[in-house]
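Geometric and topological summary
So the chains spell out like this:
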Amino acid sequence: MGKAGTRQAKLPAGAAPRPSDVAWIMQRLRRAMPDLEVPAVEKIARDSRVDPFLVLIGTLLSARTQDATTHAASQRLFARADSPGTMARLGVRVIERLIYPVSFYRTKARHVKATCTLLVERFGGHVPDTMEDLLTLPGVGRKTANLVLILAHGSRRNICVDTHVHRISNRLGWVATRTPDETEQALYRAIPRRWWPDVNLYLVTWGQNVCRPIGPRCRACVLAARCPSVRVSAKD
Ligand code: SF4
């Protein structure tokens, strides 16, 4: 392990980070979490006592949408319907009005209604707990499915990779990848299993608050001592 305060060298493509370096980073992120705003879907999971249906719908609404917008839209929708059966009976136009202004609200409204209908007709009103079944739901891709498996079904075998996780995993030198799907597969090889369920919460929260896409706050970052990308910004 490098000494604290020593910057970690960028790993060659394909090389895995040392488990002790991953642990160092994850432990610092864990300690930082209580002071930071957590992602909207995490809030929905906590507030609903991990209702798989609300986690699924909140995740569907969250794609490419600001957290505050996702949270407010979810609350409006859940106040009107909070089960697959009641939500499937809402008209698409009604769902559109309730979730506006989330991005792609028209497409998402169609997906929400179609997903609820499938949950009722094919899954007995329950949210499935396998990747294979989740991917049959309209609008559900690997990111959504992984997050539902982790948050709603307590899986410890999945890593959910969104743009924040993709960006920060590359900045930290854990992976050298071009897409979130590549990053997901690379992370399974690169980091110890014990951290898999925490990667999304920690890196998304860090990405929203500190390691931002543009203007990362490297000077305020508790990971700077071991981040090979620490020079990406010296502004704040
Ligand atoms: S040091 Fe900068 S680039 Fe590295 S994780 Fe922190 S904010 Fe991101």
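Everything numeric here is computed off the predicted structure, so don't read it as measured data. Residue numbers run consecutively from 1 along every chain, following the written order of its sequence. Note on the predicted model: pLDDT of at least 70 is required for a residue's local features to be given, and 80 or more for side-chain atom pairs to be given and counted; whole-chain, interface and lining totals, by contrast, use all residues. Only hydrogens and water are removed before side-chain values are computed, so all heavy atoms of the structure are retained for them.

1. Structural notes on the overall build of the protein
Starting at the N terminus, helices and strands are each numbered in turn, a helix being any DSSP run of H or I of at least four residues and a strand any DSSP run of E of at least two. Regarding its fold elements, the protein presents 12 helices and zero strands. Mapped from its N terminus to its C terminus, the protein presents α and β elements in the order α-α-α-α-α-α-α-α-α-α-α-α. Its C-alpha atoms give the protein a radius of gyration of 19 Å, within 12% of the compact-globule value 18 Å for 236 residues. By its C-alpha atoms, the protein is 60 × 35 × 30 Å across when sized along the principal axes. For every residue, the accessible area obtained with a 1.4 Å probe (protein chains only) is divided by the maximum for its type, and the residue is called buried under 20%, exposed over 50%, and partly exposed between those limits. For the protein, buried positions account for 52% of its 236 residues. Any two residues having at least one pair of non-hydrogen atoms within 4.5 Å are treated as being in contact. A sequence separation of at least 24 residues applies to 60% of the contacts in the protein between residues at least 6 apart. Only four residue types enter the tally: Lys and Arg on the positive side, Asp and Glu on the negative side, with His and both chain ends excluded. Charge placement uses NZ in Lys and CZ in Arg. For Asp and Glu, CG and CD serve respectively. Of the charged side chains in the protein, 37 are positive and 19 negative, and the gap between their average positions amounts to 7 Å. In this treatment the radius of gyration is a C-alpha quantity, and the globule benchmark scales as 2.2 Å times the residue count to the 0.38 power.

2. Here we look at the environment of R122
Relative to the helices and strands, R122 is located in helix α7 (residues 105-123). Along the sequence, R122 and R178 sit 56 residues apart, while their C-alpha atoms lie 36 Å from each other.

3. Some points on the pattern of salt bridges
Salt bridges, as used here, are contacts in which a Lys or Arg side-chain nitrogen is within 4 Å of a carboxyl oxygen on Asp or Glu. For the coordinates displayed, the defined rule picks out six salt bridges. In this structure, the salt-bridge partner of R93 is E96, at a minimum N-O distance of 3.6 Å. With R93 and E96 both in helix α6 (residues 92-99) and three residues apart, the pair spans about one turn of that helix. Put simply, R142 and E184 hold a salt bridge, and the shortest N to O gap is 2.7 Å. One end of the pair, R142, is in helix α9 (residues 142-151); the other, E184, is in helix α11 (residues 180-190), and 42 residues separate them in sequence. Three or more residues joined by partner-sharing salt bridges are found here, namely R18, D21 and R226.

4. Quick look at α7
Across its 19 residues, α7 extends 25 Å between first and last C-alpha, which sits within 8% of the 27 Å expected from 1.5 Å per residue. Of the residues making up α7, those classed as buried are Y105, K108, A109, V112, T115, C116, L118, L119 and F123. Buried residues along α7 sit in contact with α3 (52-62), α5 (84-88), α6 and α8 (131-134). The span expected for a helix works out to 1.5 Å for each residue beyond the first.

5. Topic: the site of the ligand
The rule for a residue being near a molecule or strand is that one of its heavy atoms must lie within 4 Å of it. Lining the immediate surroundings of the ligand are 10 residues, of which C211, C218, C221, C227 and S229 lie closest. In the scheme used here, Gly and all other residues not listed as nonpolar or charged are polar, with Ala, Val, Leu, Ile, Met, Phe, Trp, Tyr, Cys and Pro taken as nonpolar and Asp, Glu, Lys and Arg as charged. Here the residues of the shell around the ligand sort into eight nonpolar, one polar and one charged.

6. Looking at the confidence of the model for the protein
As a per-residue measure, pLDDT reflects the predictor's confidence and takes values from 0 up to 100. Put simply, the protein has an average pLDDT of 92, and 92% of its residues get 70 or more. Counted against residues more than four places away or in other chains, residues 1-6, with its pLDDT under 50, gives 12 contacts.

7. Remarks on the nonpolar core
Within this scheme, the nonpolar core is defined by two criteria: the residues are buried Ala, Val, Leu, Ile, Met, Phe, Trp, Tyr or Cys, and they are joined through side-chain atoms within 4.5 Å. Among the nonpolar cores identified, the biggest contains 42 residues, and I57, L77, M87 and I99 are the most heavily contacted of them. Those residues in contact with I99 that lie beyond four places of it in its chain are L61, A73, R76, L77, Y105, K108 and A109. Counting 34 residues, the second largest nonpolar core, distinct from the first, contains A23, W24, A186 and L201.

8. Topic: the packing of helix α10 (residues 163-171) against α11
Under this scheme, a helix contributes an axis fitted over its contacting stretch, all axes are lines through C-alpha atoms, and angles between N-to-C directions fall in the 0 to 180 degree range. Running from N to C, α10 and α11 point in directions that differ by 60°, and their axes come no closer than 9 Å. Judged by the inter-axis angle, α10 sits oblique to α11. The handedness of the crossing between α10 and α11 is left-handed. Of the residues in α11, those touching α10 at V165, H166, S169 and N170 are P180, T183 and L187. Classifying every residue of the contact of α10 with α11 gives three nonpolar, four polar and no charged. An angle counts as roughly parallel when it lies under 35 degrees, as roughly antiparallel when it exceeds 145, as roughly perpendicular when it falls between 65 and 115, and as oblique in every other case. Crossing handedness is defined as follows: a turn of the near helix away from the far one that is anticlockwise and smaller than a right angle gives a left-handed crossing, while the clockwise case is right-handed.

9. Considering the side chain of S62
Within the fold, S62 resides in helix α3. Two N or O atoms form a polar contact when they lie within 3.5 Å of each other; inside protein one atom must be a possible hydrogen donor and the other a possible acceptor, and for residues adjacent in sequence the pair counts only when both atoms belong to side chains. From its side chain, S62 meets the backbone oxygen of T59 in a polar contact 2.8 Å long. Excluding residues within four positions of it along the chain, S62 makes contact with V41, T70, K108 and K143.

10. Some details on the packing of α3 against α7
It is at 10 Å that the axes of α3 and α7 come closest, and there the two elements cross at 155°. Comparing their axes, α7 and α3 come out roughly antiparallel. Taken as a pair, α3 and α7 cross one another with a handedness that is right-handed. For the pair formed by α3 and α7, the contact residues are F53, L56, I57, L60, L61 and S62 on the first element and K108, V112, T115, C116 and L119 on the second.

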